[in-house]
Amino acid sequence: MSSTSINLNKSLIDYMQKFGTHENSFQSQLREETESGEFAQMQISPEQGQFMGVLAKIMNAKNYLEIGTFKGYSAMCMAFAMGAESEIVALDSSKEYTDIALRHWKAAEISNRINLRLGLALDTLIDMSKDDNNLNHFDIAFIDADKTNYQNYFDYTIELVRRGGVILIDNVFWSGNVSDLSINDDDTVAIRKFNKLLSEDRRVSISIVPIGDGLTVAYKL
């Protein structure tokens with residue numbers, strides 16, 4: 001029993017990854033390649049990918065929207081978790097990074113069910129919201145792009161996710177900066193403001209999970 005969340009040191013993180021994740025070879029190859037390159041910190045951890053995948057299985061999710069794909073690890077985790085009948089729409093602005101994603105998706109034979117849409121994510125979300133077929137369509141969504149647009153991303157995404165669906169928002173701890181009021185750069189202020197507004201948003205019921213850099217699970221009411 002514990003009245004608060006336990007602090008995770010490296011030993012516990014290693015233990016959690018060893019006994020609490022089930023990566024296949026395609027996932028581990030992509031993750032390891034990303035970890036050896038620039039901006040490796042932008043990739044979600046294997047335990048977070050595992051958590052998201054299990055959540056998708058619990059929901060029997062088949063339609064997944066991702067805002068911020070980077071090199072494709074999170075989309076790959078969800079594709080394997082949701083199975084062959086699933087469909088993924090992945091938004092990103094970087095051809096350089098998503099070319100790496102595409103190479104790994106093709107090797108894993110999941111690229112046929114991932115619709116990668118390059119461009120500014122907010123513009124793509126606005127366009128998607130104009131199509132009635134997209135409204136209330138997605139079972140689960142993941143927001144992990146530029147932090148100053150988090151509120152905009154959320155406000156469009158919630159219209160695209162069905163009632164009873166889930167929106168996952170990454171980096172809500174922002175390396176712990178959100179609780180340090182002496183830190184006021186644009187990203188920290190934006191996430192801090194977003195977290196406050198989301199806690200008051202009556203469209204959703206939320207829980208912040210202390211995994212990775214903080215992950216909010218928002219259930220659409």
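The structure we're discussing is the one just above.
An account of the accompanying structure is given in this report. (Residues numbered from 1 in each chain as written. Predicted model: local features only at pLDDT ≥ 70, side-chain atom pairs only at ≥ 80, totals over all residues. Heavy atoms only, no water.)

On to the overall build of the protein chain. Across its full length, the protein chain holds eight helices and seven strands. Whereas a compact globule of 221 residues would reach a radius of gyration of roughly 17 Å, the protein chain reaches 17 Å, a difference of no more than 12%. Within the protein chain, buried positions represent 48% of all 221 residues. Of the contacts made within the protein chain by residues no fewer than 6 positions apart, 70% connect residues no fewer than 24 positions apart. Carbon and sulfur atoms make up 51% of the accessible area of the protein chain, which amounts to about 11,300 Å² in all. (Helix = DSSP H or I, 4+ residues; strand = E, 2+ residues; numbered from the N terminus. Rg over C-alpha atoms; globule rule 2.2 N^0.38 Å. Buried < 20%, exposed > 50% of the residue type's maximum accessible area, 1.4 Å probe, protein only. Contact = heavy atoms within 4.5 Å. Areas by Shrake-Rupley, 256 points an atom, 1.4 Å probe, with all protein chains shown as cover.)

Another aspect to go through is the nonpolar core. Buried together is how nonpolar side chains tend to be arranged in soluble globular proteins. Grouped together as the largest cluster of nonpolar side chains are 31 residues, with contacts concentrated most on Met52, Tyr64, Trp105, Ile140 and Leu168. Secondary-structure elements contributing two or more residues to this core are α3 (46–59), α4 (73–82), β2 (87–92), α5 (95–107), β4 (138–143), β5 (161–170) and β7 (215–220). Element by element, the count of residues in this core is highest for α4, at seven residues. Excluding residues that lie within four positions of it along the chain, methionine 52 makes contacts with Ile44, Tyr64, Met78, Phe142, Leu168 and Leu215. Core analysis: the second largest hydrophobic core is formed by 25 residues, Met128, Ile143, Ala145 and Ile167 among them. (Core = buried A, V, L, I, M, F, W, Y, C linked by side-chain atoms within 4.5 Å.)

Here the focus is α4. For α4, a buried count of nine out of 10 residues is recorded, marking the element as mostly surrounded by other parts of the structure. Listing the buried residues of α4 in full gives Tyr73, Ser74, Ala75, Met76, Cys77, Met78, Ala79, Ala81 and Met82. Residues of α4 that are buried sit in contact with α2 (25–35), α3, β1 (63–67), β2, α5 and β4. At the exit of α4 stands glycine 83, carrying a positive phi of roughly 90°.

Tracing the backbone through its elements, the reader meets isoleucine 140 in strand β4. Its relative accessible area of 0% is what places isoleucine 140 among the buried residues. Distance in space between the C-alpha atoms of isoleucine 140 and methionine 78 is 9.9 Å, their sequence separation being 62 residues. In contact with isoleucine 140, not counting residues within four places along its chain, are Leu55, Met59, Ala61, Asn63, Tyr64, Leu65, Met78, Val166 and Leu168.

Here we come to the packing of aromatic side chains. All chains considered together, the criterion is met by five aromatic pairs. Plain terms: the ring middles of phenylalanine 26 and phenylalanine 80 are 6.4 Å apart, the flat faces sit at 15° to each other, and that makes the pair stacked. Separated by 54 residues along the polypeptide, phenylalanine 26 in helix α2 and phenylalanine 80 in helix α4 bring together distant segments of the chain. Taking relative accessible area as the criterion, phenylalanine 26 reaches 30% and is therefore assigned partly exposed. (Phe/Tyr/Trp six-rings, centres within 6.5 Å; stacked < 30°, edge-to-face > 60°.)

Another point: the sheet that holds β2. Reading across the sheet, the seven strands line up as β3-β2-β1-β4-β5-β7-β6 and stay open at both edges, with mixed pairing between neighbours. Among the strands making up the open sheet, the edge pair consists of β3 (114–118) and β6 (204–209). The average undirected angle you get between the axes of adjacent strands in this sheet is 15°. Here β5 pairs with β7 via five bridges, running antiparallel. Paired with isoleucine 169 across the bridge in β7 is threonine 216. Relative to β5, α3 is tilted by about 175°, and along the sheet it contacts β1, β4, β5, β6 and β7. Its contacts with the sheet put helix α7 (residues 150–160) on β1, β4, β5, β6 and β7, and the angle it makes with β5 is roughly 155°. (Pairing = 2+ DSSP bridges. Axes fitted to C-alpha atoms, helices over the stretch in contact; angles between N-to-C directions.)

Turning our eyes to something else, we now look at the pattern of salt bridges. Two side chains that carry opposite charge are able to pair once their charged atoms sit near each other. With the rule as written, the count across this model stands at 10 salt bridges. In this structure, arginine 31 engages glutamate 23 in a salt bridge whose closest nitrogen and oxygen atoms are separated by 2.7 Å. Residue classification places arginine 31 among the buried positions, given a relative accessible area of 13%. Connected via shared salt-bridge partners are Glu23, Arg31 and Glu35. (Salt bridge = Lys/Arg side-chain N within 4 Å of Asp/Glu carboxyl O.)

Here serine 45 lies in the loop between α2 and α3. Contact partners of serine 45, with chain neighbours within four places excluded, come to Tyr73 and Gly212.

As a further point, take the pairing of β2. In terms of residue burial, β2 counts as a mostly covered element, since five of its six residues are buried. With five bridges connecting them, β1 and β2 associate as parallel partners. Note that in β2 the partner of tyrosine 64 across the bridge is isoleucine 88. In the classification by handedness, the crossover that spans β1, the intervening α4 and the parallel β2 is right-handed. Bridge count for β2 against β3 is five bridges, and the pairing is parallel. Note on β3: the bridge partner recorded for valine 89 is asparagine 115. (Right-handed = clockwise from strand over helix to strand, strands pointing away.)

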